[in-house]
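Listed below are the residues making up each chain.
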Amino acid sequence: MEKTFTEKIQINKRNKIAGLYPATKLQIVILFSISTLIINSIKLTDAKLALLLIPWFALVPFMFAITGEFKKSMKSMKPIFVVAIFIIAVQTFIVSGGQTLWHWHFLSIREKGLQTAISLGFLVLNIAGMFTWMLQSTSTKEISRCFEESGMNFKVAYIFTSSLEMIKVFSKRSQTILDAQRSRGVETEGNLKVRAKAFFPTIVPLILGGIIGSEDRVLTLEARGFSIKGEHTHLFDLKKSGYERRMLVVSIIITLLIIAGRISLWRMK
Amino acid sequence: MTKNERKQFSIKEDFSMLALLIIPVGVAVNFVGGQLASLLRLPLYLDTIGTIFVAMLCGPWVGAITGLLTNILTGIANPVNFAFIPVAIIAGLVTGAFARHDYFSVWWKWLIAMVVMGAASILSAAPIVVLMFGGVTGSGASLITATFMAAGANIWGAFIGTEGLFNVLDRIISVLICLAVIKVIPNRNLIKFSCGMFYVKDREEIAEVTE
Amino acid sequence: MAYEIECKDVTYTYPLSKKPAIKNLNLKLEKGKLYGVIGENGAGKTTLCSILRGFAPSFYKGTISGEVLIQGKPLSSYDEQISRKIGYVFQNLFTQISGIKNTVFEEVAYGLENFGVPVEEIERKVVDIMDLTDIMDLAEKSPFELSGGQMQRVALASVIVLDPEILIIDEPTSQLDPQSAESVFKIIKKLKERGKTIILIEHKVDLLAEYSDEIIVLHDSQVIKMGETRHVLSDLSLREHGIQLPQVTLLAEKLRESGMRIDELPITKKQALDLIQEKRS
Ligand SMILES: Nc1ncnc2c1ncn2[C@@H]1O[C@H](COP(=O)(O)OP(=O)(O)O)[C@@H](O)[C@H]1O
Ligand SMILES: [Mg+2]
């Protein structure tokens, strides 16, 4: 039998991890972040480096893989890798203090620099990486629905979704304006002054159109019963995958083990 | 509203339907502004214009939400932006506070506002950049910061020194753009915003009409 | 029996403005009829409709005097439920979407979701209305990527689906090509058959002549003429107020000038045909 329209707009994920309830994913990310910070406090070698953060990072691609979104997620890690590499490079070679560990012509690596390099670089990689896992495996439609289900005002969900859509609309519109300018001979290349001049006529009509349009939007929404009191219906049904409990328990156990490890290391001293 | 009477503000009134619906516009303007600035290879971020615009019209709370939401949404693509949520919120709060006190209708007042806004931005960003990212985030300006650091400058000094100027400039240009837009918004639209009355054209004349 | 809509000496002034946008408005609109509203740009047509729906003054603020009654009860006594009673399709096409839905199906369903209608009922109603407005083939398209004609039908559908007893439609065809305009009127006709009271602002008098029961003429914030369609649209003096009359009426007027005896000017092609037939026999 032909599917109903209501059935067609549902999101059905085969992968149980990808299909985890968004709030559960967030809880896992938070536990992971706490664990990461604890691991960061464990310093190894004489130079006191938070080396454990490096193998710990393996968990991020592992999560990508079991979610079945490895390629897509790795791709969206690119800007994070850039930031991390930048941090590591700058800290390693520029920050002074402590013993010199390595020296070659004008480049030298000092203890203090290497400490912050590894610590900050891998904190960013780990935490931002885990957020990437959550956000790449969850659609904005699910996030918005989850806001409402966790008790937030429906207006919050509206603004969230509407902002995302508005970004798409505005990006398209700015491209159109920019193209129109180019065809009228306004330059968008060349020296700074020329390029700066192209900025204003593009952004101003966007803001103006947006503000006038939002008046119409208020009335449109009122006409559709936006602010009516009482329970709303939701055609989109946010499902649980059934693995929520399991994943959460595993995450809690891992976190507790890490805390235990941290405490026993203190004891040994 | 007579001239001497101070307008009363309330949070509930701040978040009117119209104010709610202007938030997505602000978020999208932030986003497109930032994109456009990098597309045109401008040396400024220009990614706060929307927050400033919303705060100028609707006050600090709505402005703060616009900033918050912007960084949440850009954080979906790059979670590093989550770290800068406080900066985005403070930008909205500070601008909105100035708007409340009618700081954007006289030129010397908005000049003060711009400088304070720039300072607020740099001071709120500094602890995050220094403590979480060690002074550099991979942006164009942070290359300069890195150079200063290599030359032996203190990390806080290097960051504030480099980015300070850019931040004040960024705020000046953003506010000027917002003022230019507000100038062409008809009075009938302006008066629907909680701080809109401050920008109405021919204020004196209109005050007579409404009395 | 109470009128569907009644206005008693309503005068409304927008904030900051010196003169009223609607002056001394008195209306008695009956259930199930289609009322055409005509007048030049800025005459106050949209304002009139905003008053009937309550947006003026609830959204626009400003000052209002007089009384608006919906089914005998003051407009102010209705709460948000008024959006179930009065549907409103706005003049501006493209700002008229919820802005959060990815498919036309969901867009049309949005109002019903807000009203808390059960899922199965929503599906059924939306399918019914998409069929009526001929947008079934758009159901899975994005509302952000529609043409003008498609957008107008989606906007209509999104409002009709709430099954309001009264419908206000503001210039639905002004941005459309003749073919799309005709199809919009076909939809409006079907709505009338479903017993709706319709208030339609429209410049295309030829279409109004055919479809509407009564016409309200606005000029400079005031109703200058109101009544049965043929009676109003054959009033040649309206031309002095910048109002166009149906082409057949103007043609018949020319014939009358050239000596033909015509008692009542026709306003539709059918009436004109009848007239010619009558003359021949
Ligand atoms: N929001 C508003 N604020 C102030 N004046 C308005 C507003 N909307 C319309 N007007 C004025 O009211 C008059 C009637 O406008 P309108 O009802 O839109 O006319 P129409 O729909 O017949 O073209 C015009 O003079 C217009 O400038
Ligand atoms: Mg109009």
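Structural data are supplied above this passage.
Quick caveat, the model's predicted, so the values are computed rather than measured. (Residues numbered from 1 in each chain as written. Chains lettered and ligands numbered in written order. Predicted model: local features only at pLDDT ≥ 70, side-chain atom pairs only at ≥ 80, totals over all residues. Heavy atoms only, no water.)

## With respect to the interface of chain A and chain B
As a reminder of what qualifies: Note on definitions: a residue-residue contact is assigned when non-hydrogen atoms from the two residues lie within 4.5 Å. Each of two parts loses accessible area, computed with a 1.4 Å probe, when they are put together; buried area is these two losses added. Within this document, salt bridges are pairs made up of a side-chain nitrogen of Lys or Arg and a carboxyl oxygen of Asp or Glu, the two lying within 4 Å of each other. N or O atoms closer than or at 3.5 Å make up a polar contact, with two conditions inside protein: a donor-capable atom paired with an acceptor-capable one, and, for residues adjacent in sequence, both atoms drawn from side chains. The secondary structure listing takes helices from DSSP runs of H or I that are at least 4 residues long and strands from runs of E that are at least 2 residues long, numbered from the N terminus. Amino acid classes used here: Ala, Val, Leu, Ile, Met, Phe, Trp, Tyr, Cys and Pro are nonpolar; Asp, Glu, Lys and Arg are charged; the rest, including Gly, are polar.
Across the contact, 55 residues belong to chain A and 58 residues belong to chain B. Roughly 4700 Å² of surface becomes buried between chain A and chain B when both sides are summed, with 83% attributable to carbon and sulfur atoms. Linking chain A with chain B are one salt bridge, by the criterion used here. Here chain A and chain B share five residue pairs in polar contact (both at pLDDT 80 or more) between them. Listed by contribution, the elements that provide at least two residues to the side of chain A that touches chain B are α6 (78-94), α7 (111-136), α9 (154-183) and α10 (192-223) of chain A. The element that contributes the greatest number of residues to the side of chain A that touches chain B is α10(A), accounting for 21 residues. Along the lines of polarity and charge, the residues of the side of chain A that touches chain B split into 36 nonpolar, 13 polar and six charged.

## Here we look at the interface of chain C and chain A
At the junction of the two partners, chain C supplies 44 residues and chain A supplies 33 residues. At the boundary of chain C with chain A, total buried surface from both sides reaches about 3300 Å², with 59% on carbon and sulfur atoms. Linking chain C with chain A are five salt bridges, by the criterion used here. For K172(A), the salt bridge is made with E145(C), and the minimal N-O distance between the two is 3.8 Å. For the pair chain C and chain A, the number of links is 16 residue pairs in polar contact (both at pLDDT 80 or more). Counting only elements with at least two residues in the side of chain C that touches chain A, the list comes to α4 (104-114), α5 (119-132) and α6 (148-160) of chain C. At nine residues, α4(C) tops the list of elements feeding residues into the side of chain C that touches chain A. Taken together, the residues that form the side of chain C that touches chain A break down as 23 nonpolar, 13 polar and eight charged.

## Digging into the sheet that holds strand β4 (residues 63-70) of chain C
Residue and element names in this part refer to chain C. Rules: Pairing between two strands requires that DSSP report at least two bridges joining them. Axis definition: a line fit to C-alpha positions, over the contact stretch in the case of helices; interaxial angles, taken between N-to-C directions, run 0 to 180 degrees.
Strand order in this open sheet of four strands is β2-β1-β4-β5, and the pairing throughout is antiparallel. At either end of the open sheet lies a strand with only one pairing partner, and these are β2 (22-29) and β5 (73-74). With two bridges connecting them, β4 and β5 associate as antiparallel partners. Pairing of I70 across the sheet is with K73, part of β5. The sheet strands contacting helix α1 (residues 45-53) are β1 (5-13), β2 and β4, and the helix crosses β2 at an angle near 60°.

## Focus: the coordination of the magnesium ion (ligand 2)
This is how the line gets drawn: Sodium, potassium and calcium take a 3.2 Å donor cutoff, other metals 2.8 Å, and in both cases only N, O and S atoms count; water is not among them, so sites may look incomplete.
T46(C) (OG1) and Q91(C) (OE1) make up the full set of protein donors to the magnesium ion (ligand 2), lying at 2.0 to 2.6 Å. With a gap of 45 residues between them, T46(C) in helix α1 and Q91(C) in the loop between β6 (86-89) and α4 connect regions that are remote in the sequence.

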